[in-house]
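Residue-level listing of the chains:
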Amino acid sequence: MYRNYISAKSVDEAMAVLQNGGARIIAGGTDLMIALEEGEKDYNTIVDVTTIPQLREIHRAGDTLIIGPCATFQEIETNAQIRQLIPALSQAASQVGSPQTRNVATLGGNIVNAMPAADGATALFALSAHVQVAGPNGARSMPIESCYKGIGKSAIDPEKEIVTGIIIPLNEVGKSVYKRFALRKSLALPVVAAAAALKVENHIIVQARLVLSPAGIMPWVAKEAEAHLQGAKIDKSLLLSVAADAAAAAPFRDSPVRCSAAYKHELAHALLGEAMMELYDAWWMEA
C-alpha cells in the first residue's frame, strides 16, 4: 500500500518528492491502485500529478499537437482537435474500458504501463508519437517505441521520472484510423487491434504507418509494408495487398486466453484491410 498522498501542484514539486525516495507517480491509477490493494506494490508516498494544469492540456503548436499525459481517455475521445486531426487516437480512446474507467484513466498511464495491447498506445505508434519525460538528469524526448523494455516493463521509471507531454507530428501523420476486435464489446483488451496512418500528396503516398497489437512486447510496426507504400501511387489493390502482407508477417503468438496465432492473423488481415480502405476513401473524397 502507501502511507502518504501528495497532490502536486507543479512538475518541480512532484520531482522534489520523488528525489526523497520511496515515492511513485500516480495519474489515473486504474491499474496501480489494484496492485497497491493486492499488496503487489508498496510505497511510502504516492504523488498525484493530475492536479498539475499543464499535464492536462491539449493544444496545437504549429505542426505539432501536444497532449498532456494526464488527459483522460474521455477527454481525448471528445476533444475536437483530436477528433479532427488524429481521429485514430479518439477512436482508440473510445474503446478503453468502461465510461467510468475512461473518466479516470490517462494516456500517460497507458504508456508507462507498457502493455502491448493498450488501445491508446497502439494508436500513438501509428501517429509517430514522441514522449517528453522529466527526470533527475533533466528532460528528454523519446519516440514511443523507445518507451518499452518488455511486457509491462517501461523505460520510463515512475519512481524517478514524470511524463510531461505526448507530441504528435501532424505534418507526418496525414489521415489515421484505429480498429480493434475483442471478445466483448467493452471492458476487455483487444484480441487484435490495428492502427494506420497515410499522408498523400498529389495521389502519392509520402508517409505510411501500419501497426498491429498485441504482437510482441509492444505494438508491432509493419516496417516492410510501410516501405513498400512509400512513394507509391495510392491504389486500392496496393493497399489491400500490403495490408495482407503486414497481417501475415506480424509476430502473433498462440494464447490460451484469447485465441490462436492463426486466428489473430485472420483478424489482423480483416481489420487492417478495413482501415486501409477507410483511409483510401478519405483521401479520394478530399482529392
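Model, not experiment: these values are computed from the prediction. (Residues numbered from 1 in each chain as written. Predicted model: local features only at pLDDT ≥ 70, side-chain atom pairs only at ≥ 80, totals over all residues. Heavy atoms only, no water.)

## Side note on the pattern of salt bridges
As a reminder of what qualifies: By definition here, a salt bridge exists when the distance from a side-chain nitrogen of Lys or Arg to a carboxyl oxygen of Asp or Glu is within 4 Å. Strands are runs of DSSP state E lasting at least 2 residues, helices are runs of H or I lasting at least 4, and numbering of each runs from the N terminus. Each residue's exposure class comes from its accessible area (1.4 Å probe, protein chains only) as a fraction of the maximum for that residue type: buried when under 20%, exposed when over 50%, partly exposed otherwise.
Scanning the entire structure with this criterion turns up seven salt bridges. Between Arg56 and Glu75 there is a salt bridge, with its nearest N and O atoms 3.1 Å apart. On the criterion of sequence distance, the pair formed by Arg56 in the loop between β3 (43-48) and β4 (58-61) and Glu75 in helix α3 (residues 73-78) is long-range, its members being 19 residues apart. On the accessibility criterion, Arg56 (31% relative accessible area) is partly exposed. Glu75 gets classed as partly exposed once you look at its relative accessible area, which sits at 29%. For Asp119, the salt bridge is made with Arg180, and the minimal N-O distance between the two is 3.0 Å. Taken as a pair, Asp119 in helix α8 (residues 119-126) and Arg180 in strand β11 (residues 175-181) lie far apart in primary sequence, 61 residues in all. There is no split in this pair, since Asp119 and Arg180 are both buried.

## Describing the packing of aromatic side chains
Put simply, the test is: Pairing of aromatic rings covers Phe, Tyr and the six-membered ring of Trp, with a centre-to-centre limit of 6.5 Å; geometry is then stacked below 30 degrees between planes, edge-to-face above 60, and tilted otherwise.
Inspection of every chain in the model, using the stated rule, returns two aromatic pairs. For the ring pair Tyr280 and Trp284, a centre distance of 6.2 Å and an interplane angle of 50 degrees mean the geometry is tilted. On the criterion of helical spacing, the pair formed by Tyr280 and Trp284 is a turn pair, its members being four residues apart in helix α12 (residues 261-286). Look at Tyr280 and you get buried, because its relative accessible area is 16%.

## Things to note about helix α11 (residues 236-249)
Since there are 3.6 residues in each turn of an α-helix, residues three or four apart along the chain are aligned in direction. The test is simple: To estimate the expected span of a helix, subtract one from its residue number and multiply by 1.5 Å. This arc describes the spread of directions from the helix axis toward the C-beta atoms. The contact criterion used throughout is that any non-hydrogen atoms of two residues lie within 4.5 Å.
Between its first and last C-alpha atoms α11 spans 20 Å; for 14 residues at 1.5 Å apiece the expected length is 20 Å, and the two agree. Listed in full, the buried residues belonging to α11 are Leu238, Leu239, Val242, Ala243, Ala246 and Ala247. For α11, the buried positions fall inside an angular range of 165 degrees around the axis, keeping them on one side. Projecting away from the buried face of α11 at angles above 90 degrees are the exposed residues Ser237 and Ala248. In this fold, the buried residues of α11 make contact with β12 (192-201), β13 (204-213), β14 (220-221), α10 (223-229) and α12.

## What to know about the side chain of Ser213
Inclusion rule: The term polar contact refers here to a pair of N or O atoms within 3.5 Å; inside protein, the definition further demands a hydrogen-donor-capable atom paired with an acceptor-capable atom, and it admits residues adjacent in sequence only when both atoms are side-chain atoms.
Within the element layout of this structure, Ser213 appears in strand β13. A relative accessible area of 0% places Ser213 in the buried class. Side-chain polar atoms of Ser213 contact the side chain of Thr122, separated by 2.8 Å. Residue contacts for Ser213: discarding those within four places in its chain leaves Pro116, Ala117, Thr122, Val191, Val192, Ala193 and Pro219.

## Brief notes about the pairing of strand β6 (residues 130-135)
This is how it is decided: At least two bridges found by DSSP between two strands are what make those strands a pair.
Relative to strand β7 (residues 138-143), β6 runs antiparallel, the two sharing six bridges. When the bridges of β7 are listed, Val131 appears paired with Met142. Connecting the antiparallel pair β6 and β7 is a turn made up of two residues. Sheet topology note: the β6/strand β10 (residues 162-169) ladder contains five bridges and is antiparallel. Across the sheet, the residue bridging to Ala134 is Ile162, located in β10.

## A short note on the sheet that holds β14
The condition that has to hold: All axes are obtained by fitting lines to C-alpha atoms, using only the stretch in contact for helices, and the reported angles, taken between N-to-C directions, cover 0 to 180 degrees.
The strand order across the open sheet built from four strands is β11-β12-β13-β14, with neighbouring strands paired in antiparallel fashion. Unpaired on one side and paired on the other, β11 and β14 mark the two borders of the sheet. Inspection of the sheet shows β12 paired to β13 by nine bridges, in the antiparallel sense. Considered in β13, the bridge of Leu198 is made with Ala208. Lying on the sheet, α12 is in contact with β11, β12 and β13; it crosses β12 at an angle near 30 degrees.

## Description of the environment of Val206
Mapping Val206 onto the fold places it in strand β13. A C-alpha to C-alpha distance of 32 Å links Val206 and Gly109, two positions 97 residues apart in sequence. Among residues more than four places away in sequence, those in contact with Val206 are Lys199, Val200, Glu201 and Gln230.

## What to know about the side chain of Glu226
Looking at the secondary structure, you find Glu226 in helix α10. When near neighbours in sequence (up to four residues on either side) are disregarded, Glu226 contacts Ala208, Arg209, Leu210 and Val221.

## With respect to the nonpolar core
The line we're drawing: Definition of nonpolar core: a set of buried residues of the types Ala, Val, Leu, Ile, Met, Phe, Trp, Tyr and Cys, connected through side-chain atoms within 4.5 Å.
Counting 46 residues, the largest nonpolar core has Ile67, Ile86, Leu89, Leu124, Val131, Ile156 and Ile168 as the members making the most contacts within it. With five residues, the single largest contributor to this core is α8. Ranked by size, the runner-up nonpolar core spans 37 residues in total, among them Val191, Val192, Leu238 and Leu267.

## A closer look at the pairing of β4
Where β4 lies against strand β5 (residues 64-67), four bridges are found, and the strand directions are antiparallel. Across the sheet, residue Ile58 finds its bridge partner in β5, namely Ile67. Hairpin remark: β4 followed by β5, antiparallel, with two residues in the connecting loop; positive phi at Gly62, about 65 degrees.

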